[in-house]
Amino acid sequence: MSTFAVVNISELVTVAGPARPRVRDEMRELGVIRDGVMIVRDGIVTHVGPRREIDLPAEIIDAGNKVVMPGFVDAHTHPVFAGNRADEFEMRASGAIYQQIAAAGGGIRSTVRKTRAATEDELFAAASRYTQWFLYGGTTTIEAKSGYGLTLYDELKLLRVIHRIAPLRTVPTFLGAHEIPDEYRGRRDDYIKLVIHEMLPAVSKLAEFCDIFCEPHVFPVDDARRVLRAAKEHGLKLRMHVDQIENSGGAQLAAELGATTADHLEHTGAAGIKALRDAGVQPVLLPGSVYALGSKRYPNARAMIDAGLAVVLATDFNPGSSPTPSIPMILSLASTQMKMTPAESITAATINAAYSLDRGSEIGSLEPGKRADFVIHDCADHRELAYFFGIQSAEDVYIGGSRVI
Ligand code: NIG
Ligand code: FE
């Protein structure tokens with residue numbers, strides 16, 4: 001039982017608002033309270049308001065006249081893998097292309113080989129290092145995908161690692177259909193049967209969502225439909241990698257299946273955006289992967305916001321296309337490359353992300369009844385989070401009212 005107040009806050013960015021994902025102009029409303037105070041009891045926010053209106057408890061945290069805001073919610077990450085792909089990064093810097101490297105046996109499959117060879121404890125040690133990076137960026141919850149095992153044994157190993165991650169909050173996603181592993185090359189249908197008949201029944205207790213890499217050269221739309229229908233029958237909710245490399249109607253499939261999110265969407269056009277809107281699917285935009293692959297093809301965030309979609313921003317942290325755990329870096333890219341305002345970007349990486357994980361009533365804003373997952377950032381104005389880039393602005397990070405950084 002503990003009660004404390006956070007005081008001396010230049011901007012208390014509550015992100016308070018209606019109890020649903022935010023759309024259109026709502027994304028610009030951050031519920032900022034100047035010279036605010038927040039009271040936390042037993043890990044839960046009990047009060048936010050202006051300083052003068054409230055009696056304070058004995059225990060006080062002085063925020064140093066800085067910004068206090070919800071911890072970021074990163075709704076798309078691949079944090080459990082062995083080794084890294086700095087070698088392929090160097091090859092790309094010398095002119096090689098991501099898809100060509102993958103076709104030659106590199107890419108996801110090279111990380112799969114290393115990850116299969118690693119023990120659960122080795123993977124946990126690597127993931128723990130990365131989870132510290134998330135915390136230092138001001139992130140307090142991540143969605144975490146498997147997908148570098150691609151056997152039943154190894155996918156379960158990755159999901160168990162995800163369940164061991166702490167104190168960062170995690171939401172586990174099964175991504176057995178991330179790639180066709182080496183031993184199934186040329187036999188995609190056999191691998192899909194393995195995913196449907198052996199993996200899905202076994203992983204459904206360890207995962208909340210099922211994801212798939214839906215692209216014509218990996219899992220085309222018709223195969224993705226089979227896998228995801230089976231996933232739904234096992235009680236899993238759906239997230240999907242779609243239209244990253246080309247537009248093959250992935251967004252329409254997400255709409256057809258009632259997926260919770262459709263992610264990437266670099267090549268999605270007006271028809272796909274309309275389908276997402278009509279079906280209430282949240283788009284998860286991943287500009288870190290566009291940047292790190294050296295592409296200029298960012299998703300059309302403005303068209304999505306104008307259409308009334310509850311846009312989410314995430315890092316896509318992974319060893320290939322997006323080796324960053326930093327939401328502040330993503331906020332910078334969103335403003336400079338996709339013309340999202342800092343406020344829209346913060347909404348996309350907090351409350352909208354929380355709703356996309358079915359956690360909107362627990363996290364993503366600082367309002368009475370919500371978990372006290374909050375961060376003191378070394379700035380006086382929330383716009384500085386997207387404006388300065390390449391710095392570490394999160395100073396103190398709290399999860400459930402306990403300081404973790
Ligand atoms: O979201 N596109 C598929 N999955 C990841 C990349 C994974 C990798 O390259 O290891 C992504 O970009
Ligand atoms: Fe991804």
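This is a predicted model, so every value here is computed, not measured. (Residues numbered from 1 in each chain as written. Chains lettered and ligands numbered in written order. Predicted model: local features only at pLDDT ≥ 70, side-chain atom pairs only at ≥ 80, totals over all residues. Heavy atoms only, no water.)

Visitor: Mind showing me how you'd approach helix α7 (residues 221-233) here?
Guide: Side chains that are three or four residues apart share a direction in an α-helix, a result of its 3.6 residues per turn. With 13 residues, α7 should cover 18 Å at 1.5 Å per step; its first-to-last C-alpha distance of 18 Å lies within 8% of that length. Among the residues of α7, those classed as buried are Val221, Asp223, Ala224, Arg225, Val227, Leu228, Ala230 and Ala231. Buried residues along α7 sit in contact with β7 (169-177), α6 (188-203), β8 (209-214), β9 (237-242) and α8 (250-257). At the C-terminal side of α7, Gly235 shows a positive phi close to 85°. (Helix = DSSP H or I, 4+ residues; strand = E, 2+ residues; numbered from the N terminus. Expected span 1.5 Å × (residues − 1). Buried < 20%, exposed > 50% of the residue type's maximum accessible area, 1.4 Å probe, protein only. Contact = heavy atoms within 4.5 Å.)

Visitor: Teacher, can you tell me more about the sheet that holds β7 here?
Guide: Across a sheet, strands are paired by hydrogen bonds formed along the backbone, either parallel or antiparallel in direction. Ordered by their spatial adjacency, eight strands build an open sheet running β5-β6-β7-β8-β9-β10-β11-β12, and the pairing between neighbours is parallel. Bordering the open sheet on either side are β5 (72-77) and β12 (312-313), each of which pairs with just one other strand. As judged from the three bridges shared by β7 and β8, these two strands associate in the parallel manner. Note that in β8 the partner of Thr173 across the bridge is Phe209. Its contacts with the sheet put helix α5 (residues 152-164) on β6 (139-145) and β7, and the angle it makes with β7 is roughly 170°. (Pairing = 2+ DSSP bridges. Axes fitted to C-alpha atoms, helices over the stretch in contact; angles between N-to-C directions.)

Visitor: Honestly, the coordination of the iron ion (ligand 2) in this entry has me stumped. Any pointers?
Guide: Note on metal geometry: ideal angles are 109.5 degrees for four donors arranged tetrahedrally and 90 or 180 degrees for six donors arranged octahedrally. Bound to the iron ion (ligand 2) on the protein side are His76 (NE2), His78 (NE2), His241 (NE2) and Asp316 (OD), at distances that span 2.1 to 2.2 Å. Each donor residue of the iron ion (ligand 2) lies on one chain, and together they are spaced H-x1-H-x162-H-x74-D. Separated by 165 residues along the polypeptide, His76 in strand β5 and His241 in strand β9 bring together distant segments of the chain. No difference in accessibility class separates His76 from His241, as the two residues are buried. (Donors = N, O, S within 2.8 Å, 3.2 Å for Na, K, Ca; no water.)

Visitor: What exactly am I supposed to notice about the pattern of salt bridges here?
Guide: Any two side chains of opposite charge can pair, so long as their charged atoms come close to each other. Per the stated rule, a full pass over the model turns up 35 salt bridges. One salt bridge connects Asp223 with Arg226, and the closest N-O pair in it is separated by 3.1 Å. Taken together, the residues Asp223 and Arg226, both in helix α7 and three residues apart, mark about one turn of the helix. Judged by relative accessible area, Asp223 falls into the buried class, the value being 12%. (Salt bridge = Lys/Arg side-chain N within 4 Å of Asp/Glu carboxyl O.)

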